[in-house]
2 protein chains.
Amino acid sequence: MKENMNISRRRLLASAGGAVAWASLGGVAMADDTTTPASKSNPGPVSAEKPLPDYAKWKNADSMIVHSANTIETRRTAFGSSGITPLDRLFVRNNVSPPAASIMDNPGAWQVEVSGVVKPRSFTVDELKTLGLASVAVVMQCSGNGRGYFPHKPSGTQWTVGAAGCVVFTGVPVKAVLAAAGGMAKGMAYMTSTGGETIPAGIDAKTVMVERSVPLSAMEDAILAWEVNGEPLPLAHGGPLRIIVPGYTGVNSIKYIKHLAFTKEQSPANIQQNSYRFSPVGVKGTPAHDSIWEMPPKSWINLPSDPKQPVKAGKVQISGVAMGGMHAAKTVEVSIDGGKSWHAAKFVGPDLGKYAWREFVFQADLKPGTYELASRTTNTKGQKQPKERLENNRGYINNSWLDHAVKITVA
Amino acid sequence: MKENMNISRRRLLASAGGAVAWASLGGVAMADDTTTPASKSNPGPVSAEKPLPDYAKWKNADSMIVHSANTIETRRTAFGSSGITPLDRLFVRNNVSPPAASIMDNPGAWQVEVSGVVKPRSFTVDELKTLGLASVAVVMQCSGNGRGYFPHKPSGTQWTVGAAGCVVFTGVPVKAVLAAAGGMAKGMAYMTSTGGETIPAGIDAKTVMVERSVPLSAMEDAILAWEVNGEPLPLAHGGPLRIIVPGYTGVNSIKYIKHLAFTKEQSPANIQQNSYRFSPVGVKGTPAHDSIWEMPPKSWINLPSDPKQPVKAGKVQISGVAMGGMHAAKTVEVSIDGGKSWHAAKFVGPDLGKYAWREFVFQADLKPGTYELASRTTNTKGQKQPKERLENNRGYINNSWLDHAVKITVA
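Residues numbered from 1 in each chain as written. Chains lettered and ligands numbered in written order. Predicted model: local features only at pLDDT ≥ 70, side-chain atom pairs only at ≥ 80, totals over all residues. Heavy atoms only, no water.

**Quick look at the environment of Asn399 of chain A**
We count it as follows: A helix here means a DSSP run of H or I that spans at least four residues, while a strand means a run of E at least two residues long, and both kinds are numbered starting from the N terminus. The criterion used for residue contact is that any of the two residues' heavy atoms lie within 4.5 Å.
Its location among the elements puts Asn399 of chain A in the loop between strand 22 (369–379) and strand 23 (406–410). Ignoring sequence-local partners within four residues, the contact set of Asn399 of chain A consists of Pro296, Pro297, Lys298, Gln385, Pro386 and His404 of chain A.

Next comes the structure, spelled out in structure tokens:
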């Protein structure tokens, strides 16, 4: 074992063989591989035995549930209580296998083409670094986080709570990039980002390409990021360059962005037209259905949550995370009786801004017995986390407090 | 090379042989090993060739300057721009070699004795976790950070800017622990913490023991922490349990705390009585000199700062970090002409609270030439970062903006 290799190098080397290794296991992974659903009563690991893929080998294995090479979840008990998710515990979700690790050889030279502007041009990351500097703490959350709780068992990864994390991205404001490109061309309605994934020959690009459009309003706080939690953005999270669309589900924050376009129409890619649409159960998504864009308020309890680890009777600190979606989380309530009664929880630690989540805690005095712990949050606009999920075909945007409740035993 | 080992395990295994390995290099390291001073004009690595010690082998080697086994500095160009310092880039400074790694085998069982209270008792970490939950983002900074700029070459590590970082610690408020111990006994004036280092037989404990007293006012926001940046607190940073005294220099935040005492007098340990005292140059510290406790306002520029890497002419984002000490940093100014003229810089990213530092940026348009970049901050109480250092024998608390200026070449 070679101990004196630093983590960045480890990431790079680990990634070098990754694309090849996984390609040999079945080529390009398509969106939403199906895995075994987790049961609600036991939201623990569903596939603990799968190894981490090479490009994410540097993750803390004990903290992760590996659903597939492109879908890796954070364990509910592994988030910590600091508000910020450590990078080696942050979930991974790729719609298509990552590009070759060689794109990280010279991150400063990575190019992004900018179009739909007065002066279309390309920028290297090094050039972007001269245009401005911005950091934003965001909840990065997969559109399908909580899918595992839908009773109709939608196809796709059966995430419970761990396809989410709160991290700080640093880069340049999209607005500064737009200004450097002479401003937006007339008549544009969407900001469309294209990922740098390799599209295999012989496949209709539209069926595979990772390209998402969001309304222009989403540009307000968007950045092109080269850093996360103070580290150079690793390949697993979209390095060398990723667009971060705060408040929107993860799929909209395109990794290894190679093209940023201001467009009149939404992307023709399948991932925009038919996937990530809010369609009724049993009905395939179409452009007529709402696109999965903004996130709603949501909270859940992380500790205690391990059904196999009995909690000692007496004082118990019940803690979790609360996000407000497009507006800051304002209040959180906790229930220990499955939602029959509620108590005000208090926020813990620094406020990282409206797109971040906040740690909360409620102190209870628990006698031996079983308890059903739940939390619900309300944001500064008065939007409340609902009791019930909104049913939809693919199991997107589950923010039901009831689904996220956990049973614990106190002894 | 075994790739599928996670970082926590790696930390643990790396630590296992650490104490032995370094002990064989000279036993217990005493305070402030002397290393070669860095020159002001080239604040780069002074000892890049030394390996990371085993207990800190998991650090990002490229980001660190290893002065000695117990003094490891963050490179000026490695802080990132996100406000939070990644754990694998955070500096390390131990007054005495860390305890055996075996103290991390069962962190929940680590005990801290609490005395000077109405009901003296011990608490395990698991018990502390039932008493409360608090997070605080702090600048952890060695008292001697910036010592390398003192012209009289004080003994001790020749730190430049990198014996500092901003991280989020999570634990229980000291106040909650005090309440659980029945409150403070009468007549106490100090909060005194003792580290869990092993004191070799045959040495007068007072000359080596790491025990520090701070005024009771420092208890207000102090916590006993078991987590940092969302991860279990590693041995290198004081795990299983460390007291965090926000706003105070690092030496006051005792690692592997085994005893928390409320006392009438300051600790009799040498590290309290004579070390970490603000004495005139040439005069040894005594209890008559001020103790090194609270930190003053300070800022410095991190990027660009590499004298070997010429900056491209044109727009340049000049960025760095600013801390306010006991009160939040309120404003930062940047100079590109060595302090002849100043420009308002703007803060970047989330505000992590008054004890944290904030990233700042000033956008300049630079023609080819040489520039001397400097920054100075003022906190919410109007306390200003001074031009000159306050001379003192051991080179503590250097917050001179002039000392921290950097020369860059624009081509």
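**Concerning unusual backbone geometry**
The residue after Gly239 of chain A, namely Pro240 of chain A, is reached through a cis peptide bond having omega 10°. By the secondary structure assignment, Pro240 of chain A is in the loop between strand 11 (231–232) and strand 12 (242–244). With omega at -10°, the peptide bond leading from Leu303 of chain B into Pro304 of chain B counts as cis. Within the element layout of this structure, Pro304 of chain B appears in the loop between strand 16 (298–303) and strand 17 (314–323). Residues other than glycine seldom take positive phi values, yet Ile397 of chain A does so here, at roughly 50°.

**Brief notes about the relation of the copies chain A and chain B**
Applicable threshold: Copies overlap after least-squares fitting; the atoms used are the C-alpha atoms of residues with pLDDT of at least 70 in both.
Of the transformation placing chain A onto chain B, the axial shift is 0.0 Å and the rotation is 180°, giving an RMSD of 0.0 Å. Such a combination of turn and shift is consistent with a two-fold rotation axis. Comparing contact sets, 100% of the residues at the interface of chain A also lie at the interface in chain B, consistent with an isologous, same-surface contact.

**Let's talk about the pairing of strand 13 (residues 257–263) of chain B**
Residues and elements named next belong to chain B. The condition that has to hold: Categorising residues by exposure relies on relative accessible area from a 1.4 Å probe, with only protein chains included: less than 20% of the type maximum marks a residue as buried, more than 50% marks it as exposed, and the intermediate range marks it as partly exposed. For two strands to count as paired, DSSP must find a minimum of two bridges between them.
Burial analysis of strand 13 places 5 of its 7 residues in the buried class, which makes it a mostly covered element. With 3 bridges connecting them, strand 4 (residues 111–115) and strand 13 associate as parallel partners. Its bridge partner being in strand 13, Glu113 is matched across the sheet by His259. Note that strand 8 (residues 190–195) and strand 13 share 6 bridges and pair antiparallel. Among the inter-strand pairings, Gly195 is bridged to a residue of strand 13, identified as Ile257.

**So, the nonpolar core**
How we decide: In plain words, nonpolar cores are sets of buried Ala, Val, Leu, Ile, Met, Phe, Trp, Tyr and Cys residues tied together by side-chain atoms within 4.5 Å. Domains are outlined according to an automatic or database domain assignment.
Membership of the largest hydrophobic core comes to 78 residues, with the highest contact counts inside it found for Leu128, Phe169, Met191, Leu224 and Leu260 of chain B. Each of domain 1 (1–294) and domain 2 (298–410) of chain B accounts for three or more of the residues forming this core. Apart from the residues lying within four places of it in its own chain, the contact partners of Leu260 of chain B are Val112, Glu113, Val114, Ser115, Val174, Met191, Thr192, Ser193, Leu224 and Ile243 of chain B. Core analysis: the next-biggest nonpolar cluster, separate from the first, contains 77 residues, Val125, Val167, Val208 and Ala218 of chain A among them.

**Some thoughts on the confidence of the model for chain A**
Reading fine detail from the predicted coordinates is not recommended where pLDDT is low. Residues and elements named next belong to chain A. Here is the rule we go by: A residue's pLDDT is the confidence the predictor assigns to it, expressed on a 0 to 100 scale.
Per-residue confidence for chain A gives a mean pLDDT of 90; residues scoring 70 or more make up 88%. Per-element confidence in chain A is highest for strand 12, whose mean pLDDT is 99, and lowest for helix 2 (residues 18–23), whose mean pLDDT is 31. Here residues 1–48 scores under 50 on pLDDT; set against residues more than four positions off or in separate chains, the count is 106 contacts.

**What about the sheet that holds strand 16 of chain B?**
All names here are of chain B. This is how the line gets drawn: Axes here mean lines fitted to C-alpha atoms, for a helix over just the part in contact, with angles spanning 0 to 180 degrees between N-to-C directions.
The 4 strands are arranged 16-17-21-20 in an open sheet whose pairing can be described as antiparallel. A single partner strand is all that each edge strand has here, and the edge strands are strand 16 and strand 20 (346–348). Neighbour-to-neighbour, the strand axes of this sheet turn through a mean angle of 40°, independent of strand direction. Bridge analysis of strand 16 against strand 17 gives 5 bridges, and the strand direction is antiparallel. By the bridge assignment for strand 17, Lys298 is matched with Met323.

**Let's talk about the interface of chain A and chain B**
The cut-off we apply is this: Put simply, buried area is the surface a 1.4 Å probe can reach on two separate parts but cannot reach once they are joined, added for both. Salt bridge, as used here, is a side-chain nitrogen of Lys or Arg placed within 4 Å of a carboxyl oxygen of Asp or Glu. Here a polar contact means two N or O atoms within 3.5 Å. Within protein one must be a hydrogen donor candidate and the other an acceptor candidate, and residues neighboring in sequence count only if both atoms are side-chain atoms. Amino acids are sorted into nonpolar (Ala, Val, Leu, Ile, Met, Phe, Trp, Tyr, Cys and Pro), charged (Asp, Glu, Lys and Arg) and polar (every other residue, Gly among them).
At the interface, 50 residues of chain A touch 50 residues of chain B. Around 4,100 Å² of area is buried between chain A and chain B when both sides are counted, 55% of it from carbon and sulfur atoms. For the pair chain A and chain B, the number of links is 0 salt bridges. Here chain A and chain B share 12 residue pairs in polar contact (both at pLDDT 80 or more) between them. Listing elements by their share of the side of chain A that touches chain B, those giving two or more residues are helix 1 (7–16), strand 6 (134–141), strand 7 (164–173), strand 11, strand 17 (314–323) and strand 21 (357–366) of chain A. Take the side of chain A that touches chain B: its biggest share by element is 5 residues, from helix 1 of chain A. Considered class by class, the residues forming the side of chain A that touches chain B number 19 nonpolar, 17 polar and 14 charged.

**A look at the pattern of salt bridges**
Applying the stated rule across the entire model yields 12 salt bridges over all chains. With a shortest N-O distance of 2.8 Å, Glu220 of chain B and Lys175 of chain B are connected by a salt bridge. One end of the pair, Glu220 of chain B, is in the loop between strand 9 (211–215) and strand 10 (223–228); the other, Lys175 of chain B, is in helix 4 (residues 174–180), and 45 residues separate them in sequence. Salt bridges here are not isolated pairs; linked through shared partners, they connect Arg389, Glu391 and Asp403 of chain A.

**Concerning the side chain of Ser193 of chain A**
Residues and elements named next belong to chain A. Structurally, Ser193 can be placed in strand 8 (residues 190–195). Residue Ser193 is classed as buried on the basis of its relative accessible area of 2%. When residues no more than four places from it in sequence are discounted, the contact partners of Ser193 are Val210, Glu211, Arg212, Ile243, Ile254, Ile257, His259 and Leu260.

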